[in-house]
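Single-letter residue listing:
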Amino acid sequence: MTSPIVVFTTDFGLSDAYAGVMKGVALGINPNLRLIDLTHQILPQNVAQGSFLLGINHLFFPDDTIHVAVVDPGVGTDRRPVLLTTPCGTFVSPDNGLLSGVVDRYLESVPESTGPVALPSELSAVHLTNPDYWRHPVSHTFHGRDIFTPVAAHLSLGVAPRDMGEPIDHLYYLPLPQPVSQGDAITGQVIYQDVYGNLVTNIPADNLPDVELVDVRIKGRSIVGLSRTFNDSRHVGEDGLIALAGSHGYLEVALPNGSAADSLAGSEGEAVTVVYSSG
């Protein structure tokens, strides 16, 4: 029988021992686990960025994958540890909005404000209140090690979610910034900077108009036309920048063989406007 998969998504980074310790705890409970790192490079305490990356990437894993997601600036407070079951995976996480990107695709309409959101019928959740499946003693500052990872490992051994705690019908929702269309323009913002310095926006590539001319504007620079690849030289803008539909499915601004983030001194939250014309 194939060993279960546990995928970790955190803001712990790789220079400290936190990510490695969680793996050790998981293997101590179930030595047959397969452990995968989605990323440990979420910006510290950036719940919105973690929600975005988890939301767009969890679909690439098998539907029976168990995800441990920890971006938890409220660790040790009254925010709830939760377990969410979906058709595309199970998620163990703090209830602080980190699962919003996962829940989004099941909602009929995306809430505009922060707060509790009712779970659609396809989803179920549990407030993790049963300490029998935690590591003891529980640290006030490291629930990733002492609650979330042990719960995931016990799930992989067949423990039912209902044995982990109390059913709940709402989760805390953190809306991501949405692009705004006005006239002949779409305005969004950079939501993620990858390791290459590519600036990923919140403008879905599918939302870009099918027109002859697209002008992407960021920090006073203009990029006319969309490139197909990182080495497509037909639509190079100011300072050698290009714009393209990235592998995430969102508009990106990049610098071939360089860093758009460094060139623009830009980062998360930077405004991006797409202006279009029919000719």
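Bear in mind that the values here come from a model prediction, so they are computed numbers and not experimental data. (Residues numbered from 1 in each chain as written. Predicted model: local features only at pLDDT ≥ 70, side-chain atom pairs only at ≥ 80, totals over all residues. Heavy atoms only, no water.)

**Student:** So, helix α1 (residues 18–29): which residues are in play, and what are the values?
**Tutor:** Relative to the 16 Å expected for 12 residues at 1.5 Å per residue, α1 spans 17 Å between its end C-alpha atoms, a close match to the ideal helical length. Considered for burial, the residues of α1 that qualify are Ala-19, Met-22, Val-25 and Ala-26. Viewed end-on, α1 has its buried residues packed into an arc of 120 degrees, placing them on one side of the element. Residues of α1 that are buried make contact with β1 (5–10), β2 (34–39) and α4 (143–156). (Helix = DSSP H or I, 4+ residues; strand = E, 2+ residues; numbered from the N terminus. Expected span 1.5 Å × (residues − 1). Buried < 20%, exposed > 50% of the residue type's maximum accessible area, 1.4 Å probe, protein only. Arc of directions from axis to C-beta. Contact = heavy atoms within 4.5 Å.)

**Student:** Can you explain the nonpolar core? Please cite residues and give values.
**Tutor:** Core analysis: the biggest nonpolar cluster contains 29 residues, and Phe-52, Leu-84, Leu-99 and Leu-171 have the highest contact counts within it. Elements represented by at least two residues in this core include exactly α2 (47–57), β4 (81–86), α3 (100–103), β9 (170–173) and β11 (185–193). In terms of residue count, the dominant contributor to this core is α2 (5 residues). Setting aside residues up to four positions removed in sequence, Leu-171 forms contacts with Arg-80, Val-82, Leu-84, Asp-95, Leu-99, Val-103, Gly-115, Pro-116, Val-117, Leu-119 and Ala-125. (Core = buried A, V, L, I, M, F, W, Y, C linked by side-chain atoms within 4.5 Å.)

**Student:** Requested: an account of the packing of α1 against α4, with residues and values cited.
**Tutor:** It is the contact of α1 with α4, at a shortest axis distance of 9 Å, that shows an interaxial angle of 40 degrees. If you check the angle between α1 and α4, you find them oblique. Here α1 runs over α4; the crossing is right-handed. Along the contact surface, α1 presents Val-21, Met-22, Val-25, Ala-26 and Ile-29, while α4 presents Gly-144, Arg-145, Thr-149, Pro-150, Ala-153 and His-154. Its residues assigned to classes, the contact of α1 with α4 shows 7 nonpolar, 3 polar and 1 charged. (Axes fitted to C-alpha atoms, helices over the stretch in contact; angles between N-to-C directions. Parallel < 35°, antiparallel > 145°, perpendicular 65-115°, else oblique. Left-handed = near helix turned anticlockwise from the far one by under 90°. Nonpolar A, V, L, I, M, F, W, Y, C, P; charged D, E, K, R; others polar.)

**Student:** Would you mind going over the side chain of Asp-146 in detail, with residue names and values included?
**Tutor:** Considering the arrangement of structural elements, one finds Asp-146 in helix α4. Classification of Asp-146 as buried rests on a relative accessible area of 0%. Engagement of the side chain of Asp-146 in a polar contact is seen with the side chain of Arg-145, the distance being 2.7 Å. Apart from the residues lying within four places of it in its own chain, the contact partners of Asp-146 are Trp-134, Arg-135, Pro-137, Val-138 and Ser-139. (Polar contact = N/O pair within 3.5 Å; in protein donor to acceptor, adjacent residues only side chain to side chain.)

**Student:** So, the pattern of salt bridges: which residues are in play, and what are the values?
**Tutor:** All told, the structure shown has 7 salt bridges when counted by the stated rule. One salt bridge in this structure joins Asp-72 and Arg-79, with 2.6 Å as the shortest N-O distance. Since its relative accessible area comes to 10%, Asp-72 is described here as buried. Arg-79 sits in the buried class, given a relative accessible area of 11%. Residues Asp-95 and Arg-80 are paired through a salt bridge, measuring 2.8 Å at the closest nitrogen-oxygen approach. Taken together, the positions of Asp-95 in the loop between β5 (89–94) and α3 and Arg-80 in the loop between β3 (66–70) and β4 put the pair 15 residues apart, joining distant regions of the chain. For Arg-80, a relative accessible area of 26% translates into the label partly exposed. Where salt bridges share partners, they join Arg-135, Arg-145 and Asp-146 into one cluster. (Salt bridge = Lys/Arg side-chain N within 4 Å of Asp/Glu carboxyl O.)

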